[in-house]
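Given next are the chains, with one letter for each unit.
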Amino acid sequence: MIEIRNVQTIFGLKQNLSLESQQDTIIDADNLTLLPALIDPHVHFRTPGLEYKEDWYTAAKASIAGGYTTVFDMPNTIPPTITAELLQEKNAIIKKQLQEVDIPLRYQLFFGADKAHLNEIYRVKNAIIGIKVFMGCSTGNMVIDDDSSLHAVFAIAARLNLIVAVHAEDEHLIKERKKQFSGNTDYQIHSQIRNRDVAVRAVEKAIQIAKIYQTKLYILHTSTLDEIQLIKQAKQENVPVFAETTPHHLFLNQTAYQELAGKAVMNPPLRVAADQAALFEAIQNNIIDTIGSDHAPHTHAEKEKPYGECPSGVPGIETTLPLLLNAHQQGMLSLERIVQLTSTRAREIFNLPETEDFVLVDLNKEKTVDNAKLHTKCAWSPFHGMKLQGWPVYTILKQRVFEVG
Ligand code: DOR
Ligand code: ZN
């Protein structure tokens, strides 16, 4: 039995809680607040093929440390997850790694849409959380850049009642703008090449196609005011569209290039302060449904490469909850909304069963994000050095208590 004594609910009530368990644990939770454990609908844990960046040994530890007990992993690995066999192989490796590290992390896999393998979707339909479509190239160079393939994916997904998660950046515009800005080696040029039009054009198209087939559409990493307006309109028209944003788009903007250089490079790129404000407003107005960390680790050495060679992406699963709790402490976000963004909505949108996984957080605990203390294999964070108030202390996964703080 796990006994949690005197814990505070998000509404400020004190309660005692007993959970079934093989383990007998008593947690004196007098200074702690109980939240459902987090669901991260968007991670890149790099298995198979890119395990020098991350694997499920380190990623599982990082997830638990961050208060997460469920993750949805992306298909842009080597090889990419685009056939039933590759999906099966990936599952086998993950299961083995989780068993060896003895962390029974709950996970789901996105299946990669690939022009040459669209029929594979029928074979994997019951084994996946959804279909991932890269409308623009990112790490891994997976892309669906023609309208007829895009229509085909959305039509198949609707028929099978699968959700389509889109990386909404327009590949044609990216290519055009890359040429236009070629020779420029400043990292911040990344935000100009992949400017807001690049995202807006793709989001507009994805919504338009979802509307035709009534496909459930999940827009990954929403980063601009303009996308929010399109999503708001689509929601008003009852298009089945859902929106995610990321901690880096909420808490960083283009001024970060100065200090972070290549470590501020990700897709979609950092935007301006007005976009951050619009994302927070969209959270208040329920236009944004979820927060995905888009945990996308790359090594230090890779991120120090010059612009053009430096890969896009930042790790995030260990810092997302503290960043949100810190924003709560600053009056920017209610605990109720944090719970919806980090678990309830994902459970509803992706149809996941309820669990008895929890995270106990200390809302007053102050700690500085420190590269040296992270569990992710890449061992860096764009938030290194940031002092945050509000940290997870215990994560409870499948009736097991993990002390994390
Ligand atoms: O910044 C990003 N990194 N964006 C993506 O779309 C992919 C990700 C990665 O896998 O590194
Ligand atoms: Zn991603």
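Everything below is about the structure printed above this text.
Just so it is clear, the model here is predicted, and its values are computed rather than measured. (Residues numbered from 1 in each chain as written. Chains lettered and ligands numbered in written order. Predicted model: local features only at pLDDT ≥ 70, side-chain atom pairs only at ≥ 80, totals over all residues. Heavy atoms only, no water.)

What about the nonpolar core?
Nonpolar side chains in soluble globular proteins generally cluster together in the buried interior. Counting residues in hydrophobic clusters, the biggest one holds 100 residues, and the most contacted among them are Leu-105, Ile-131, Val-133, Val-153, Phe-154, Val-166 and Leu-217. Of the residues forming this core, the biggest block, six residues, is contributed by helix H7 (residues 196–213). Leave out the neighbours within four places in its chain, and Leu-105 touches Phe-45, Trp-56, Ala-60, Ser-63, Ile-64, Tyr-68, Thr-69, Thr-70, Val-71, Leu-98 and Leu-397. Within the second largest apolar cluster, 15 residues are counted, among which are Ile-2, Ala-29, Leu-34 and Val-401. (Core = buried A, V, L, I, M, F, W, Y, C linked by side-chain atoms within 4.5 Å. Buried < 20%, exposed > 50% of the residue type's maximum accessible area, 1.4 Å probe, protein only. Helix = DSSP H or I, 4+ residues; strand = E, 2+ residues; numbered from the N terminus. Contact = heavy atoms within 4.5 Å.)

With respect to the site of ligand 1
As a structural note, the neighbourhood of ligand 1 is formed by 13 residues, with Arg-46, Asn-76, Ser-138, Thr-139 and Asn-267 the closest of them. Asn-76 places a polar side-chain atom, nitrogen or oxygen, 2.8 Å from an oxygen atom of ligand 1. Between ligand 1 and Gly-313, the relevant distance is 3.2 Å, taken from an oxygen atom to a main-chain nitrogen or oxygen of the residue. Protein contacts shield 99% of the accessible area of ligand 1, which totals 290 Å² for the unbound molecule. At a threshold of 2 Å from the grid points, most atoms of ligand 1 map onto the largest cavity. Tallied by class, the residues present in the shell around ligand 1 amount to three nonpolar, nine polar and one charged. (Near = heavy atom within 4 Å. Polar contact = N/O pair within 3.5 Å; in protein donor to acceptor, adjacent residues only side chain to side chain. Areas by Shrake-Rupley, 256 points an atom, 1.4 Å probe, with all protein chains shown as cover. 1 Å grid on protein atoms, 1.4 Å probe; cavity = no way out; pocket = protein on both sides within 12 Å on 5 of 7 lines; lining within 4 Å. Sits in = over half its atoms within 2 Å of the grid points. Nonpolar A, V, L, I, M, F, W, Y, C, P; charged D, E, K, R; others polar.)

Focus on the coordination of the zinc ion (ligand 2)
Taken together, His-42 (NE2), His-44 (NE2) and Asp-294 (OD) make up the full set of protein donors to the zinc ion (ligand 2), lying 2.0 to 2.2 Å away. All donor residues of the zinc ion (ligand 2) come from one chain, and their arrangement in sequence is H-x1-H-x249-D. Remark: Asp-294 occurs in the loop between strand S12 (290–291) and helix H12 (300–303) and His-42 occurs in strand S5 (residues 38–43); sequence separation between them is 252 residues. Each of the two residues, His-42 as well as Asp-294, counts as buried. (Donors = N, O, S within 2.8 Å, 3.2 Å for Na, K, Ca; no water.)

Considerations on the packing of aromatic side chains
Pairs of aromatic rings are described using the distance from one ring centre to the other and the angle between the two planes. Applying the stated criterion across every chain yields a total of seven aromatic pairs. Summarising the aromatic geometry, the rings of Phe-72 and Phe-110 are spaced 6.2 Å apart at their centres and angled 70 degrees between planes, so their arrangement reads as edge-to-face. Remark: Phe-110 occurs in strand S7 (residues 106–112) and Phe-72 occurs in strand S6 (residues 68–73); sequence separation between them is 38 residues. Summarising the burial analysis for this pair, Phe-72 and Phe-110 share the class buried. For the ring pair Tyr-218 and Phe-350, a centre distance of 5.0 Å and an interplane angle of 70 degrees mean the geometry is edge-to-face. Placement of Tyr-218 in strand S10 (residues 216–219) and of Phe-350 in the loop between helix H14 (335–349) and strand S13 (358–368) is noted, with a sequence separation of 132 residues between them. Accessibility assignment for this pair places Tyr-218 and Phe-350 in one class, buried. Put simply, the rings of Phe-72, Phe-110, Tyr-218 and Phe-350 pair up and form one aromatic cluster. The ring of Trp-391 is capped by Lys-367, whose NZ or CZ atom sits 4.4 Å from the centre of that ring. (Phe/Tyr/Trp six-rings, centres within 6.5 Å; stacked < 30°, edge-to-face > 60°. Lys NZ or Arg CZ within 6 Å of the ring centre and 35° of its normal.)

Considerations on the pairing of S6
The element S6 is largely enclosed, with a buried count of six among its six residues. Pairing geometry for S5 and S6, over four bridges, is parallel. Note on S6: the bridge partner recorded for Val-43 is Asp-73. Taking the sense of rotation as the criterion, the β-α-β connection linking S5, helix H1 (residues 56–65) and S6 turns out right-handed. Strand direction decides the pairing type here: S6 and S7, joined by four bridges, are parallel. Among the inter-strand pairings, Asp-73 is bridged to a residue of S7, identified as Leu-109. (Pairing = 2+ DSSP bridges. Right-handed = clockwise from strand over helix to strand, strands pointing away.)

A word on the sheet that holds strand S9 (residues 163–167)
Here we have eight strands laid out as an open sheet, ordered S5-S6-S7-S8-S9-S10-S11-S12, and parallel in their pairing. Strands with a single pairing partner mark the edges of an open sheet, and in this sheet they are S5 and S12. Its contacts with the sheet put helix H8 (residues 225–236) on S10 and strand S11 (241–245), and the angle it makes with S11 is roughly 150 degrees. (Axes fitted to C-alpha atoms, helices over the stretch in contact; angles between N-to-C directions.)

Examining the packing of helix H4 (residues 147–160) against H7
H7 packs onto H4 with a crossing angle of 45 degrees between their chain directions and a minimal axis gap of 9 Å. Here H7 runs oblique to H4, going by the angle between their axes. Both H4 and H7 take part in a crossing whose hand is right-handed. Taking contact as the criterion, the partners of Asp-147, Leu-150, His-151, Phe-154, Ala-155 and Ala-158 in H4 are, on H7, Lys-205, Ala-206, Ile-209, Ala-210, Ile-212 and Tyr-213. (Parallel < 35°, antiparallel > 145°, perpendicular 65-115°, else oblique. Left-handed = near helix turned anticlockwise from the far one by under 90°.)

Remarks on the layout of surface pockets
Of the voids in this model, the largest pocket is the one considered here, and its volume is about 510 Å³. The wall of the largest pocket is formed by 27 residues, among which Lys-178, Gly-308, Cys-310, Pro-311 and Ser-312 lie closest to the centre. Counting residues per element, the ones that place at least two in the lining of the largest pocket are helix H5 (171–180) and helix H6 (189–193). Residue contributions to the lining of the largest pocket peak at three residues, all from H6. In the lining of the largest pocket, the residues fall into ten nonpolar, 13 polar and four charged. What the second largest pocket holds in volume is close to 270 Å³. (Points joined across faces, edges and corners; volume = space filled by probe spheres on them.)

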